[in-house]
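What follows is the residue order along each chain.
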Amino acid sequence: MEFEDILVLPIISRTKHMVGYARELEEDRERIFTPLNRYTDTVNEFLEDKTIRVNESGRLEINQN
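Residues numbered from 1 in each chain as written. Predicted model: local features only at pLDDT ≥ 70, side-chain atom pairs only at ≥ 80, totals over all residues. Heavy atoms only, no water.

**As for the overall build of the protein**
Step number 1: Helix and strand counts for the protein come out as 1 helix and 2 strands.
Step number 2: Secondary structure elements of the protein, listed N to C terminal, follow the sequence α-β-β.
Step number 3: A compact globule built from 65 residues should have a C-alpha radius of gyration of about 11 Å, whereas the protein, at 21 Å, is more than 25% larger.
Step number 4: Across its three principal directions, the C-alpha atoms of the protein cover 65 × 20 × 15 Å.
Step number 5: Looking at the protein as a whole, 5% of its 65 residues are labelled buried. (Helix = DSSP H or I, 4+ residues; strand = E, 2+ residues; numbered from the N terminus. Rg over C-alpha atoms; globule rule 2.2 N^0.38 Å. Buried < 20%, exposed > 50% of the residue type's maximum accessible area, 1.4 Å probe, protein only.)

Printed below as a string of structure tokens:
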């Protein structure tokens, strides 16, 4: 084993921690957006020639089909 190999070991641990944290953030994001997605899906069921969605900046968009 080379000296450089030993230096990589702490990086592996930090990377695993970062991946776990990213997964937690994604789960939180899904949990937060579930009610909003349910709302837009429900409203869209009642619209015939239009659809609504919330864009990336948080604004409600109404689109003509």
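**Topic: the side chain of Asn-55**
Step number 1: Tracing the chain through its elements places Asn-55 in the loop between strand S1 (50-54) and strand S2 (60-64).
Step number 2: For Asn-55, the side chain forms a polar contact with the side chain of Ser-57, separated by 2.9 Å. (Polar contact = N/O pair within 3.5 Å; in protein donor to acceptor, adjacent residues only side chain to side chain.)

**So, the side chain of Thr-40**
Step number 1: In this fold, Thr-40 is placed in helix H1 (residues 3-46).
Step number 2: The contacts of Thr-40, once residues within four sequence positions are left out, are Ile-52, Arg-53 and Val-54. (Contact = heavy atoms within 4.5 Å.)

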